Amino acid sequence: MTAHAVRTGVWFIGARGSVATTATAGCAAVAAGLHPPTGMVTETPPFTDTGLPPLTSLVFGGHDTLDCPLPKRAEVLAAGGVLPYGLPTAVEAELTTADAEIRPGGPLPGDTRTDEELIGAFAADIEDFTRRHGLARTVVVNVASTEPAPGDDDSRMPASSLYAAAALRAGCPYVNFTPSTGLRSPHLKDAVESCGLPHAGRDGKTGQTLLRSVLAPMFVHRALPVRAWSGTNLLGGGDGAALADPAAAAAKNAGKERVLADTLGTAPEGEVHIDDVPAMGDWKTAWDHIAFDGFLGSRMILQTIWQGCDSALAAPLVLDLARLLARSHEAGLTGPRPELGFYFKDPDGGPAALFDQYAALVDFAERLREAR
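Residues numbered from 1 in each chain as written. Predicted model: local features only at pLDDT ≥ 70, side-chain atom pairs only at ≥ 80, totals over all residues. Heavy atoms only, no water.

A few words now on the sheet that holds strand β7 (residues 226-235). One open sheet holds the 4 strands; their spatial order is β8-β7-β9-β10, and the pairing between them is mixed. Two strands lie at the open edges of the sheet, namely β8 (272-276) and β10 (299-309), each paired on one side alone. Strand-to-strand twist of the sheet, defined as the mean angle between neighbouring strand axes without regard to direction, takes the value 10 degrees. (Pairing = 2+ DSSP bridges. Helix = DSSP H or I, 4+ residues; strand = E, 2+ residues; numbered from the N terminus. Axes fitted to C-alpha atoms, helices over the stretch in contact; angles between N-to-C directions.)

In structure tokens form, the structure reads like this:
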């Protein structure tokens, strides 16, 4: 197969959700020259000539338990201001093609299949997709709604781990962009260690935690002790509904708190609260209140407000990660990729501060360039 004909699969878990729909539509729009690649770090100069698969070579498919077609889902996102007006029509053919490659997910209530049967069925779907399209490789990316962390006495794996196991069985690099368990299930320890595949995650760093990873080092470097750091998130859409479950919210908040603990050396007082506000749709407001000490014990406060759309923030990062994992696989790299910590709240090792993570990512780009 000639270099220009090589194609790469991107298999989304949660393929009809807001993030996957935005990424699929956005990739088509950027590839066609309709919009610039805003937010895609892999489209900046440090990544030139690193051998990343071009956006025009990406082929999309995935699993989902929803049956709303991607073109219709994109229309809903455009009506909510997430996608530009007219974009769903402009890329309708690409969305329709991707939608035809979405297979039923699970397990749904009443599904009597065992974990092994589910893993086998999911892996077969991915293998069939890769084979039919003659893809060089397929990267599996979890962008499904956050699930509660499994309990110690749970005998079955959570859905995210079933999909992750299927990715390994199908020989696919894997990205967990969610706080869900994924590859970090104890049931998968041996499979992960022996798979010989690159993987990265978990929990994408898109808004509030991105800002925390920038601000927390500032306090450390200026020797300003942080006494308390509290936050509130107001959001709607599928994430808002999923995170209304206290167990799912706890899984989400663990990553936010880890960034502060890793950077400050200890977790400060304060919590993050997540409130479901359906009227906000796919938009989110995140507020942080930081109490810290100044010279001679003077008490000071810093407050921040972040307003944005998680889907539009996440989609370019998801495309970055799919390309970086595909290139890592091509270069023969295996195991967890700490160089990609720039993208995650809960990375696979490496530094915690965003500036240091970015430096590691740029160094990784040079490593990929040299591996060509």
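Counted under the stated rule, the structure contains 8 aromatic pairs. Ring centres 5.9 Å apart and planes at 15 degrees place the aromatic pair phenylalanine 12 and phenylalanine 60 in the stacked group. Linking phenylalanine 12 in strand β1 (residues 8-13) with phenylalanine 60 in strand β2 (residues 58-64), this pair joins segments that are 48 residues apart in sequence. Each member of the pair, phenylalanine 12 together with phenylalanine 60, is buried. For the ring pair phenylalanine 122 and tyrosine 163, a centre distance of 4.5 Å and an interplane angle of 25 degrees mean the geometry is stacked. Taken together, the positions of phenylalanine 122 in helix α5 (residues 115-132) and tyrosine 163 in helix α6 (residues 159-169) put the pair 41 residues apart, joining distant regions of the chain. In this pair, the class of phenylalanine 122 matches that of tyrosine 163, namely buried. Chaining the aromatic ring pairs together yields one cluster made of Phe219, Trp229 and Phe292. (Phe/Tyr/Trp six-rings, centres within 6.5 Å; stacked < 30°, edge-to-face > 60°. Buried < 20%, exposed > 50% of the residue type's maximum accessible area, 1.4 Å probe, protein only.)

Time to look at unusual backbone geometry. Cis geometry is found at the peptide bond from glycine 106 to proline 107, where omega equals 0 degrees. Residue placement: proline 107 occurs in the loop between β3 (102-104) and α5. At aspartate 203, a position not held by glycine, the phi torsion is positive, near 70 degrees. Along the polypeptide, aspartate 203 turns up in the loop between β6 (198-201) and α8 (208-221). At leucine 296, a position not held by glycine, the phi torsion is positive, near 60 degrees. With respect to the helices and strands, leucine 296 occurs in the loop between β9 (283-293) and β10. When its relative accessible area of 77% is taken as the criterion, leucine 296 is described as exposed.

One way to put it is that helix α1 (residues 18-31) packs onto helix α2 (residues 70-79) with a least axis distance of 10 Å and a crossing angle of 100 degrees. Classed by the angle they form, the pair α1 and α2 counts as roughly perpendicular. In contact with Ser18, Thr21 and Thr22 of α1, α2 contributes Leu70, Arg73, Ala74 and Leu77. Residues that form the contact of α1 with α2 fall into these classes: 3 nonpolar, 3 polar and 1 charged. (Parallel < 35°, antiparallel > 145°, perpendicular 65-115°, else oblique. Contact = heavy atoms within 4.5 Å. Nonpolar A, V, L, I, M, F, W, Y, C, P; charged D, E, K, R; others polar.)

On the basis of which strands lie adjacent, the open sheet formed by 7 strands has the order β3-β2-β1-β4-β5-β6-β11 and parallel pairing. One side of each edge strand has no neighbouring strand; the edge strands of this open sheet are β3 and β11 (335-336). Here β2 runs beside β3; their pairing, made up of 3 bridges, is parallel. Within the sheet, the bridge partner assigned to aspartate 64 lies in β3 and is proline 104. Running over the sheet, helix α11 (residues 310-330) touches β1, β2, β4 (137-142), β5 (174-176) and β6 and is turned about 140 degrees from β4.

Further remarks concern the environment of alanine 90. Along the chain, the position of alanine 90 falls in helix α3 (residues 87-90). Along the sequence, alanine 90 and alanine 32 sit 58 residues apart, while their C-alpha atoms lie 9.8 Å from each other.

Attention now moves to the layout of surface pockets. The rolling of a water-molecule-sized probe over the atoms marks out the regions of remaining empty space. There is about 990 Å³ of room inside the largest pocket. Taken together, 46 residues make up the lining of the largest pocket; nearest its centre are Val143, Ala144, Ser145, Thr146 and Asp239. Looking at the lining of the largest pocket, the elements with two or more residues in it are α1, β2, α6, α9 (237-243), β9 and α11. Grouping the constituent residues of the lining of the largest pocket by class yields 17 nonpolar, 18 polar and 11 charged. Quantified by volume, the second largest pocket comes out at close to 370 Å³. What lines the second largest pocket is a set of 19 residues, among which Thr22, Gly26, Val30, Pro36 and Thr38 lie closest to the centre. (1 Å grid on protein atoms, 1.4 Å probe; cavity = no way out; pocket = protein on both sides within 12 Å on 5 of 7 lines; lining within 4 Å. Points joined across faces, edges and corners; volume = space filled by probe spheres on them.)

Burial runs high along β9: 8 of the 11 residues are buried. Two strands pair when backbone bridges link them, and β7 and β9 are joined in this way by 9 bridges, in the antiparallel orientation. Across the sheet, valine 226 pairs through a bridge with phenylalanine 292, a residue of β9. Pairing geometry for β9 and β10, over 11 bridges, is antiparallel. In the sheet register, isoleucine 290 faces β10, and the bridge partner there is leucine 302.

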